[in-house]
Amino acid sequence: MWSDNEADVDLLRYAYLASGVSRIVGSKHLLPTTVGVFGDWGSGKSSLLKMIQKDLEVEPEVMCLTFDGWLFEGYEDAKTALMGTILDAVQDRVKEDATLREKVSERLKDLRQRIDWLRLAAMTGRFAIPVLTGLPDSGGGVDPSGMAGDIASGANTLTPADAQGLLDKVPKGEENLRRNIREFREDFAKLLAEAKIKTLVVFIDDLDRCMPDTIIETLEAIKLFLFVPGTAFVLGADERLVEYAVRLRFPELPNAEIEVGRNYLEKLVQFPMRIPPLNTVEVQSYANLLFAQLDLGPDSNDYKKVCEAVARSGADSVSELSFDLQAARSLLSETSVPPQLELDLDLAAQVAPMLAPGLGGNPRRVKRFLNTLLLRMALAEDRGLELQRQVLAKLMMLEYVRPGFFKKLAELQANQGGKPNELVETHLKEHLGSESDDPKANGREGSDEASKSRSGARSRSKTEGKPRTPTQEDLSADVRTWLADDWMRKWLASEPTLEAIDLRPYFYVAHDKLGALDGSPLKLTPAAVEVLNRLLSDQGATRRLGLNRSEQLNAPEANAVFQALAERIRRSETLGPGSPQVVLFELLEHRPELVPQLVALYESLPEPKITLETPGLLRQVAEGTPSAAAARGLIGRWSRSAAKTELAGAAETILDRPWEGS
């Protein structure tokens, strides 16, 4: 298995991104500058920052340092933590040179004193807002009675007398504060010159893991105090979370819901660079290189050959695998390619086409998928279970990408001795390739028994004496729902087929996830959390904004939001007023690709829980989509409900109205 830490080797072919940032930092006329390396959690930001730092550190007059804002979470003042860290690094740089050390000592002492009173002022809360935002000063003087002692107790290196002395030096009034900010910047610029640092590059990682106050204070420390000639700040973050932090920090600003976060970030970051998600070829290449590292050994000469060859691959190979079995045989002697590596590369080719869209092209998710796969294989071996790795990988893809369908398949196989008939119905390539092409199948299938009989008679008359291809009318409601989902259709048709395989041991090793499926196993990204919170708001305007922003989510994020809402639906005692049912259906109008999962969700709910409005809502989102047949079949089941006669009447009314395509 592989560590989840940032990579020391460029397995993602990010060298071109690193070169782009290094070129910006190396252009003196562009400094001072702030570069934003933006990407989702797990997209490889930390690895990219390490690569950039490695490129820049070779220059003797360039000083690089890393500041992890997450480590200072809870620190009394994030901006002074960043400023103090930089001063400490400068002091460490000059400590071996007595001349430089003596030259900068007074400057360092003066700057540290300024940081101390900034920190103390922030602790009082008296000057924090004016200093950081430029808003009017709150007025009034510092009440010395007892305050210095309280401050000194929070800063254990100062006596009350020292604290009072620093507070006396805190400038009063907005203009004095601005003047002192300018003086700090001037002294900081002189410090860099005296220390013979031509370029200072500060890498700030994990900013998107911090609380909103820490994010804002870190960014404003850069802009207000440290943005001097010869400096460059490289930020690693999910820019959507930074924008969200701005809206939370300044809720009173006009238009804060729409524009303030983006505008704020654009003012502070001159060069944004977003890490793109991996496509199918890149996911396979990444998985191949991970397996090469595992099977060849991270310190072996053979693995070094592989990495060097990948690094040399040119821009004309963007649509080709950077490393595969053919490349392995070319780079290594035939006897040096381990049989296990050949099997692993074949596995990567199998799973990549579906993992890439399902996991959003996220490297960390790909690595965790493979780690979980290897761990479960090891657990099965320890338990005495014999599993086929390709079968386990296929089931895990379903588990990661369509957890609701995965849970349903778990129930089906458990009730049918590990071999569900539904998989026997759907593994046929003829059916998977033709059923969606029949407009009548999608528009006319329903719950009306007479209609079914007539359709069956027509089918028999046309195929009398010939083998009959199954139609949707022959399929269970679960299978119809699966076939309406494009990703699920591809999964069903992918190798290996599962019809003759006892699935019980495979679901046994997945018991950790089966117990958690109701809790939405897909991790919500910051963007997904924001959308979900807005959808659950009591304010109509906020919900509408959440629905609009749901369109900007990638497929895994939208799926995770759906799963979170679905879990609330399952746990709700009723689906009447106050339940998330209405907003769930509204979400489907903005993300219609989730309709098959919606149908599957409502098929699993008890009929007494279904409201009279549900059949109409379901028809509204499903009509005209590939899920229409499955939705109509479900409404037909409700129309025959003996548990809730009112629901039966409402569903019958919906069925009686002409459907599109009928």
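Residues numbered from 1 in each chain as written. Predicted model: local features only at pLDDT ≥ 70, side-chain atom pairs only at ≥ 80, totals over all residues. Heavy atoms only, no water.

**Student:** Before we go on, may I ask you to explain the overall build of the chain in this structure?
**Tutor:** From N to C terminus, the chain includes 34 helices and 5 strands. Counting only residues that meet the buried cut, the chain has 52% of its 662 residues in that class. (Helix = DSSP H or I, 4+ residues; strand = E, 2+ residues; numbered from the N terminus. Buried < 20%, exposed > 50% of the residue type's maximum accessible area, 1.4 Å probe, protein only.)

**Student:** Explanation requested: the nonpolar core in the structure shown.
**Tutor:** Considering soluble globular proteins, one finds that nonpolar side chains tend to be buried as a cluster. Leu395, Trp482 and Trp491 are the most contacted members of the largest nonpolar core, which has 88 residues in total. Setting aside its immediate chain neighbours within four residues, leucine 395 contacts Phe406, Leu409, Trp491, Leu498, Leu503, Tyr506 and Phe507. Formed by 49 residues, the second largest nonpolar core is a distinct cluster that contains Ile115, Ala195, Ile197 and Leu268. (Core = buried A, V, L, I, M, F, W, Y, C linked by side-chain atoms within 4.5 Å. Contact = heavy atoms within 4.5 Å.)

**Student:** Could you clarify how one ought to interpret the sheet that holds strand β4 (residues 231–237) in this entry?
**Tutor:** Two modes of strand pairing occur in sheets, parallel and antiparallel, and in both the strands are linked by backbone hydrogen bonds. Read across the sheet, 5 strands follow the order β2-β3-β4-β1-β5 without closing on themselves; strand pairing throughout is parallel. The sheet terminates laterally at β2 (62–68) and β5 (271–274), the two strands that pair on one side only. Between one strand axis and the next, the sheet turns through 15° on average, direction left out of account. Pairing geometry for strand β1 (residues 33–38) and β5, over 4 bridges, is parallel. Considered in β5, the bridge of valine 35 is made with phenylalanine 271. (Pairing = 2+ DSSP bridges. Axes fitted to C-alpha atoms, helices over the stretch in contact; angles between N-to-C directions.)

**Student:** Any chance you could explain the environment of glutamine 91 here in plain terms?
**Tutor:** For glutamine 91, the location among the structural elements is in helix α3 (residues 78–94). Expressed as a C-alpha distance, the spacing of glutamine 91 and alanine 195, which sit 104 residues apart in the sequence, is 8.8 Å. Non-local contacts of glutamine 91, meaning those with residues more than four positions away in its chain, are made with Leu108 and Arg112.

**Student:** Could you clarify how one ought to interpret the pairing of β4 in this entry?
**Tutor:** Along any regular strand the residues' side chains alternate between the sheet's two faces. Counting buried residues in β4 gives 7 out of 7 residues, a clear majority hidden from the surface. Taking every second residue as pointing to the same face, both faces of β4 are buried, with Thr231, Phe233, Leu235 and Ala237 on one and Ala232, Val234 and Gly236 on the other. In the sheet, β1 pairs with β4 via 6 bridges, with the strands oriented parallel. Bridge pairing links valine 35 to valine 234 in β4. Crossover strand β3 (residues 199–205) to β4 through helix α9 (residues 212–226) is right-handed. (Right-handed = clockwise from strand over helix to strand, strands pointing away.)

**Student:** Sorry, what's going on with helix α13 (residues 301–312) here?
**Tutor:** Think of an α-helix as turning once every 3.6 residues; residues three or four places apart then point the same way. With 12 residues, α13 should cover 16 Å at 1.5 Å per step; its first-to-last C-alpha distance of 17 Å lies within 8% of that length. Packing partners of the buried residues in α13 comprise α12 (280–296) and α14 (325–331). (Expected span 1.5 Å × (residues − 1).)

**Student:** Is there a simple way to think about the confidence of the model for the chain in this case?
**Tutor:** For residues with low pLDDT, the predicted coordinates do not support detailed interpretation. When pLDDT is averaged across the chain, the result is 77; 76% of the residues are at 70 or more. Here residues 434–470 scores under 50 on pLDDT; set against residues more than four positions off or in separate chains, the count is 46 contacts. Segment residues 515–521 is flagged for pLDDT under 50; beyond a separation of four residues in sequence, or across chains, it makes 13 contacts in the model. (pLDDT = per-residue confidence, 0-100.)

**Student:** So what exactly am I meant to see when it comes to a nonpolar patch on the surface here?
**Tutor:** A contiguous nonpolar patch, built from Met1, Leu375 and Leu379 and spanning about 290 Å² of accessible area, is present on the exposed surface. By the secondary structure assignment, methionine 1 is in the segment before α1 (15–26). (Patch = residues over 30% accessible without salt bridge, like charges linked within 9 Å, V, L, I, M, F, W, Y side chains within 5 Å. Areas by Shrake-Rupley, 256 points an atom, 1.4 Å probe, with all protein chains shown as cover. Salt bridge = Lys/Arg side-chain N within 4 Å of Asp/Glu carboxyl O.)

**Student:** Where do I start with helix α30 (residues 581–590) in this structure?
**Tutor:** The set of residues buried in α30 consists of Gln581, Val583, Leu584, Phe585, Leu587 and Leu588. Lining the buried residues of α30 we find α27 (526–535), α28 (540–550), α29 (555–571), α31 (595–603) and α32 (614–622).

**Student:** Can you help me understand the packing of aromatic side chains in this one?
**Tutor:** Any pair of aromatic rings gets described here by the distance separating the centres and the angle formed by the planes. All told, the structure shown has 5 aromatic pairs when counted by the stated rule. Judged by centre distance (5.5 Å) and plane angle (85°), the ring pair of phenylalanine 184 and phenylalanine 225 falls under edge-to-face. Remark: phenylalanine 225 occurs in helix α9 and phenylalanine 184 occurs in helix α8 (residues 174–194); sequence separation between them is 41 residues. For the pair formed by phenylalanine 184 and phenylalanine 225, the shared burial category is buried. (Phe/Tyr/Trp six-rings, centres within 6.5 Å; stacked < 30°, edge-to-face > 60°.)

**Student:** Could you clarify how one ought to interpret the pattern of salt bridges in this entry?
**Tutor:** Inspection of the entire model under this criterion finds 22 salt bridges. With its nearest N and O atoms 3.6 Å apart, the salt bridge here joins aspartate 187 to arginine 114. With aspartate 187 in helix α8 and arginine 114 in helix α4 (residues 98–124), this residue pair connects regions lying 73 residues apart in the sequence. We classify arginine 114 as buried; its relative accessible area is 13%. In this structure, the salt-bridge partner of arginine 376 is glutamate 399, at a minimum N-O distance of 2.8 Å. Within this pair, whereas arginine 376 is found in helix α16 (residues 363–383), its partner glutamate 399 is found in helix α17 (residues 389–401), the two being separated by 23 residues in sequence. For arginine 376, a relative accessible area of 2% gives the class buried. For glutamate 399, a relative accessible area of 2% puts it in the buried group. One network of salt bridges, with partners in common, ties together Arg107, Asp110, Arg114, Glu183, Asp187 and Glu194.

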